[in-house]
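Observations on the model geometry
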Amino acid sequence: MGGVRVKKFEQPKNFKFSKENLGKIDAVLKKYPSNQKQSAVMPLLDMAQRQQGGWIPEAAMEEIARILDMSRLKVFEVATFYTMYNLAPVGGYLLQFCTTTPCWLCGSGDIVKAAEDHLGAKIGETTKDGKFTLVEVECLGACVNAPMVQINDDYYEDLTPETMVALLKNLKTGKKVTIGSQTGRMGSCAQEGPTSLAEQAKKAKIAMAEDSGKGGKA
Ligand code: FES
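Bear in mind that the values here come from a model prediction, so they are computed numbers and not experimental data.

Cut-offs and rules
Residues numbered from 1 in each chain as written. Predicted model: local features only at pLDDT ≥ 70, side-chain atom pairs only at ≥ 80, totals over all residues. Heavy atoms only, no water. Helix = DSSP H or I, 4+ residues; strand = E, 2+ residues; numbered from the N terminus. Buried < 20%, exposed > 50% of the residue type's maximum accessible area, 1.4 Å probe, protein only. Contact = heavy atoms within 4.5 Å. Areas by Shrake-Rupley, 256 points an atom, 1.4 Å probe, with all protein chains shown as cover. Lys, Arg positive; Asp, Glu negative; His and termini not counted. Charge placed at Lys NZ, Arg CZ, Asp CG, Glu CD. Phe/Tyr/Trp six-rings, centres within 6.5 Å; stacked < 30°, edge-to-face > 60°. Core = buried A, V, L, I, M, F, W, Y, C linked by side-chain atoms within 4.5 Å. pLDDT = per-residue confidence, 0-100. Domains from an automatic or database assignment. Patch = residues over 30% accessible without salt bridge, like charges linked within 9 Å, V, L, I, M, F, W, Y side chains within 5 Å. Salt bridge = Lys/Arg side-chain N within 4 Å of Asp/Glu carboxyl O. Pairing = 2+ DSSP bridges. Axes fitted to C-alpha atoms, helices over the stretch in contact; angles between N-to-C directions.

Counting its secondary structure elements, the chain contains nine helices and five strands. In sequence order, the chain lays out its α and β elements as α-α-α-α-β-α-α-β-β-β-α-β-α-α. Within the chain, buried positions represent 42% of all 218 residues. In the chain, the proportion of contacts linking residues at least 24 apart, taken out of those at least 6 apart, comes to 60%. A total of about 12,600 Å² of accessible surface is found on the chain, and carbon and sulfur atoms cover 53% of it. Treating the 28 positive side-chain charges of the chain as one cloud and the 25 negative ones as another, the clouds have centres 5 Å apart.

In structure tokens, the structure reads:
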């Protein structure tokens, strides 16, 4: 993976999809004409990554090439182009910090620093206990709720250095965490609550800006 510094790791010699995933592959292949099954390369790479615990070994790419009847090189090309595919082992929690302009203007630098200081690992590294890998990524499309971080499949938004550290502590100890906005903001509603479509907001029992004073939570 481009952004992760990995000292040394072993590539497994073989890779076979699990029985469950083989069933899923059959279902995916039905979506495409039989002479264009290469179109399934992205979902199969994703399946391999999940099965392997967060990364795609070369043997998995070879197996995908065999299943889809395409050259290994073409599978490698796709896997190396998209940053969502990890080609080296990552920690149980992959922290993808967005540091593009909107998040940067809202303090992503402080969020990254708080996480690095708390975990004792820098961007591109995995913590010694193997739990967390930190990477820097481009805009993840949640700029309205900047600054934000993606952790595995979920987004955590409206972060402050304090809420970032609290989030990491909870993940470390297996406590429940709140996905999405860490301020209670509803979706990407205005921070102070809905400011228009008043009737609809009231029907949905969403507190208006003038009722709640702050925070658009129902
Ligand atoms: S700039 Fe961070 S999500 Fe868009």
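Right, let's get into unusual backbone geometry. The linkage connecting alanine 146 with the following residue, proline 147, adopts the cis geometry, with an omega of -5°. Structurally, the position occupied by proline 147 is in the loop between strand 2 (132–137) and strand 3 (149–151). Phi is positive for aspartate 69, close to 55°, though the residue is something other than glycine. Note that aspartate 69 resides in the loop between helix 3 (58–68) and helix 4 (72–81). Owing to a relative accessible area of 57%, aspartate 69 belongs among the exposed residues under this scheme. One non-glycine residue, aspartate 158, lies in positive phi territory at about 55°. By the element assignment, aspartate 158 lies in the loop between strand 4 (154–157) and helix 7 (161–173).

This model, assessed by the stated rule, comprises five aromatic pairs. When the centroid spacing of 4.9 Å and the interplanar angle of 85° are considered together, the rings of phenylalanine 81 and tyrosine 82 count as edge-to-face. When its relative accessible area of 33% is taken as the criterion, tyrosine 82 is described as partly exposed. Between tyrosine 93 and phenylalanine 132 the ring centres are 5.3 Å apart and the planes differ by 25°, which places this aromatic pair in the stacked class. In this pair, tyrosine 93 is assigned in strand 1 (residues 93–98) and phenylalanine 132 in strand 2, connecting sequence segments 39 residues apart. You can call tyrosine 93 partly exposed: its relative accessible area is 24%. Aromatic ring contacts, followed pair by pair, group Phe81, Tyr82 and Tyr85 into a single cluster.

A word on the nonpolar core. Among the nonpolar cores identified, the biggest contains 24 residues, and Leu45 and Ile64 are the most heavily contacted of them. Listing elements by their share of this core, those giving two or more residues are helix 1 (19–29), helix 2 (41–51), helix 3 and helix 4. Examining the composition of this core, we find that seven residues originate from one element, helix 3, more than from any other. Residues within four places of isoleucine 64 in sequence aside, it is in contact with Phe17, Val41, Leu44, Leu45, Ala48 and Val75. Of all hydrophobic cores here, the second largest spans 19 residues; its members include Ile151, Leu159, Leu171 and Val177.

A separate point is the confidence of the model for the chain. Confidence in the prediction for the chain averages 92 pLDDT; 93% of positions are at 70 or higher. Long-range and interchain partners of residues 214–218, a stretch whose pLDDT sits below 50, account for 14 contacts in this model, where long-range means more than four residues apart.

Our next topic: the domain arrangement of the chain. According to the domain assignment, the chain contains domain 1 (19–81) and domain 2 (93–181). In this structure, domain 1 and domain 2 have C-alpha centres spaced 29 Å apart.

Turning to a nonpolar patch on the surface, a few remarks are in order. The grouping of Phe81, Tyr82 and Met84 at the surface amounts to a nonpolar patch, some 340 Å² of accessible area in total. When you line up the elements, methionine 84 lands in the loop between helix 4 and strand 1. Classification of methionine 84 by relative accessible area gives partly exposed; the value is 47%.

As a further point, take the sheet that holds strand 5 (residues 180–181). Reading across from one edge, 2-1-3-4-5 is the order of the five strands in this open sheet, with mixed pairing throughout. The open sheet terminates on both sides in strands that have one partner only, identified here as strand 2 and strand 5. Direction of pairing for strand 3 relative to strand 4: antiparallel, over a ladder of three bridges. Paired with isoleucine 151 across the two strands is aspartate 154, which belongs to strand 4. Contacting strand 1 and strand 2, helix 6 (residues 108–119) runs over the sheet at an angle of about 155° to strand 1.

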